[in-house]
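Spelled out, the chains give:
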Amino acid sequence: MKKRSKTKFIFVTGGVISSLGKGITSASIGVVLKDKGFRVNMIKFDPYINVDSGTMNPFQHGEVYVTKDGAETDLDLGHYERFISRDMTEDNNVTTGKVYSNVIDKERKGEFLGNCVQVVPHITDEIKSRIYKLVSKNTDFLLCEIGGTVGDIESLPFLEAIRQIKLEYPNDVLFIHLTLVPYIKTAGEVKTKPTQHSVNELRRIGIQPDFIACRSENPLSRAIKAKISLFCNVSQDKVISIEDAKSIYDVPINLERQGFSASILDFFSMIQTRKSNYLDNWKIFLNNFYAHEKEITIGIVGKYVELQDSYMSIKEAINHASAYLKIKTNMRWIESEALETENYEKKLCALNGILIPGGFGDRGIEGMINAAKFARKNKLPCFGICLGMQVMIIDLARNYIKLENANSAEFNSKTPYPVIDLQKGQKNIDAKGGTQRLGHYPCKIYNNTIAYQTYKENLILERHRHRYEFNNEFRELFEEKGIVFSGICPQNDLVEIIELKNHPYYLGCQFHPELQSRPLQPHRLFIGFLKISLERKYETKK
Ligand code: GLN
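Criteria and thresholds
Residues numbered from 1 in each chain as written. Predicted model: local features only at pLDDT ≥ 70, side-chain atom pairs only at ≥ 80, totals over all residues. Heavy atoms only, no water. Salt bridge = Lys/Arg side-chain N within 4 Å of Asp/Glu carboxyl O. Helix = DSSP H or I, 4+ residues; strand = E, 2+ residues; numbered from the N terminus. Buried < 20%, exposed > 50% of the residue type's maximum accessible area, 1.4 Å probe, protein only. Pairing = 2+ DSSP bridges. Contact = heavy atoms within 4.5 Å. Axes fitted to C-alpha atoms, helices over the stretch in contact; angles between N-to-C directions. Near = heavy atom within 4 Å. Polar contact = N/O pair within 3.5 Å; in protein donor to acceptor, adjacent residues only side chain to side chain. Areas by Shrake-Rupley, 256 points an atom, 1.4 Å probe, with all protein chains shown as cover. Patch = residues over 30% accessible without salt bridge, like charges linked within 9 Å, V, L, I, M, F, W, Y side chains within 5 Å. Expected span 1.5 Å × (residues − 1).

Turning to the pattern of salt bridges, a few remarks are in order. A pair can form between side chains of opposite charge whenever their charged atoms are brought close. Per the stated rule, a full pass over the model turns up 37 salt bridges. Glu126 serves as the salt-bridge partner of Arg130, at 3.1 Å between the closest nitrogen and oxygen. Taken together, the residues Arg130 and Glu126, both in helix 5 (residues 119-132) and 4 residues apart, mark about one turn of the helix. We classify Arg130 as buried; its relative accessible area is 18%. As a salt-bridge pair, Glu535 and Lys531 come within 3.6 Å of each other at their nearest N and O atoms. Of this pair, Glu535 and Lys531 both sit in helix 17 (residues 524-541), separated by 4 residues, roughly a single helical turn. Each of the salt bridges in this network shares a partner with another, and the network as a whole consists of Lys44, Asp46, Asp74, Asp76 and Glu145.

All right, on to the sheet that holds strand 17 (residues 418-422) then. Backbone-to-backbone hydrogen bonds join strands into a sheet, with any given pair of strands oriented parallel or antiparallel. Spatial strand order, 16-17-20: 3 strands in an open sheet with mixed pairing. The open sheet has two free edges, formed respectively by strand 16 (407-408) and strand 20 (468-470), since each of these has just one partner strand. Where strand 17 and strand 20 come together, 3 bridges link them in antiparallel fashion. Among the inter-strand pairings, Leu422 is bridged to a residue of strand 20, identified as Tyr468. Strands strand 16, strand 17 and strand 20 of the sheet are contacted by helix 14 (residues 387-400), whose axis makes an angle of about 150° with strand 17.

Here we come to unusual backbone geometry. With the exception of glycine, the majority of residues adopt a negative phi angle, and the majority of peptide bonds are in the trans configuration. Here the bond from Val120 into Pro121 is cis, since omega is 15°, no more than 30 degrees from zero. By secondary structure assignment, the location of Pro121 is in helix 5. Residues other than glycine seldom take positive phi values, yet Lys326 does so here, at roughly 55°. Non-glycine residue Asp493 carries a positive phi angle of around 65°. With respect to the helices and strands, Asp493 occurs in the loop between strand 21 (483-489) and strand 22 (494-500).

What follows concerns the site of the ligand. As a matter of local geometry, the ligand sits amid Gly358, Gly359, Phe360, Cys386, Leu387, Gln390, Glu410, Arg465, His466, Arg467, Tyr468 and His512. Interatomic distance of 2.7 Å between a side-chain N/O atom of Glu410 and a nitrogen atom of the ligand. One nitrogen or oxygen atom from the main chain of Arg465 is found 2.9 Å from a nitrogen atom belonging to the ligand. Look at the ligand: alone it shows 290 Å² of surface, and the protein chains cover 98% of it.

A separate point is a nonpolar patch on the surface. A cluster of nonpolar side chains, Tyr100, Ile104, Val119 and Val120, forms an exposed patch at the surface whose accessible area comes to about 320 Å². Elements with a minimum of two residues in the nonpolar patch: helix 4 (96-109) and helix 5. Tracing the backbone shows Val120 in helix 5.

Our focus in this paragraph is the side chain of Thr139. Position of Thr139 relative to the elements: it lies in the loop between helix 5 and strand 6 (141-146). Other than its neighbours up to four places away in sequence, Thr139 contacts Lys6, Thr7, Arg39, Val40, Asn41, Arg86 and Leu134.

The end-to-end C-alpha distance of helix 4 is 20 Å, a good match for the 20 Å that 14 residues give at a rise of 1.5 Å each. When we look at burial in helix 4, the residues that qualify are Thr96, Gly97, Lys98, Val99 and Val103. At its buried positions, helix 4 is contacted by strand 2 (40-46), strand 5 (93-95), helix 5 and helix 6 (156-168). With its phi angle positive at about 90°, Gly110 sits one or two positions after the end of helix 4.

Moving on to the side chain of Ser486. Position of Ser486 relative to the elements: it lies in strand 21. The exposure class of Ser486 is buried, given its relative accessible area of 0%. Looking at Ser486, its side chain comes within polar contact range of the side chain of Glu499, at 2.8 Å. Residues in contact with Ser486, not counting those within four places in the same chain, are Lys444, Ile445, Tyr446, Thr449, Ala451, Ile497, Ile498 and Glu499.

Any functional reading would require information beyond the geometric quantities listed.
Next comes the structure, spelled out in structure tokens:
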């Protein structure tokens, strides 16, 4: 008797090159299945040896996405949450580091006593167990993205594990291979050879893809689909075009135009049993995203702006709020170090608002402080997130309250006024991985504040990732001078939101609101910030 699984497995592998958008493709498959009323969950395998992405430089890895349970994960998990509107957890991101450290721990405890511990079966068993852990009666489809490109040494154990799953559950597994079908300008032709090679590579390790998703500049012609079908041994209707789209949010629509969800249901001999209007709402969001009469320009002042993937969730949260307000927001990425010169004001004066995002280390900090000062003095809306809030506090301390050389202990441990200091619980922590204040914490919002006007609630939950905090020894002094502490964590009296009286919007938060923004549920703080920036732009013009 063949085993059956209630949860169907869809494995997404990638070929030819990296950066084809496997994360967006996987998340988009999630959207079209959700639209058919199915419950979807997702898992990402990252073949690197780090236990999680938390210790990696954003230039190497892009944003570190923090889940509500405090896991530091790959940025694709952000796409998953935004696309399928489901909270991810630590279990939804598995790295080689996690897999190996667990197996080695077990070995040390003697759980394999007498055996030689090997990649097959011990490592592959561990990988499979991570997948099976997410099988549940509340999940119809588990979409599983294998990071890296077929042919990489690192991803081999993961591919071997999913091959074994197909053997165990032959009727419940679907393989989708995402490849590149390039257009060669000089030849004036679209080429299928890289796809053929990459599928061959996959077959060599025992995986025959059921669907081939082709990244291309334009939709594939029938002839090209026929060619890929013949050489790669899949029927023509299972060769899917994933052409360049105007935005990532168009990808589910483009998939559905090719009847993709119906093909998947057909593959598994399933029928739709529940109704949903997910894609209808998605289309409304998309229409709003493109329909705009007014536009504003927001400066994003950070140290990783060269690689905007480092601020993926910020970028998307701005997009969601802009669609909600039906405006276009131009994002001007400003390297904070470039604001450390005399003439920094010139670089900021055409903006309608300034956003200072999170970050670590002292490079470019003085430029961020200058940006905050400029916004404060010119009554320009300013929104600081995590490090951004800390920088606003330093500006207020130095330039408003006149505490000379005030700083964060992160940048100067000898400052006479450590207005930002290490959290109490952090003092004796040496290990770097997973030791910050991470994940969901409650925040009490005080009435008659901008924060309350924005949230319209007295208790909220937001996600965190930081080691330093506002130093409460300075709280009274700041309050006397007109700084409002509008959000406080009730568990330990930690400052979560600050505002400035007599300023239209000088608001900083210690948490990361961008991580909870979704196209169908934009974050209130982003809406508030863009709205005030918009109002002020058109007010000043009158
Ligand atoms: N570096 C700061 C801290 O550790 C801010 C962190 C962040 O912006 N995520 O507290």
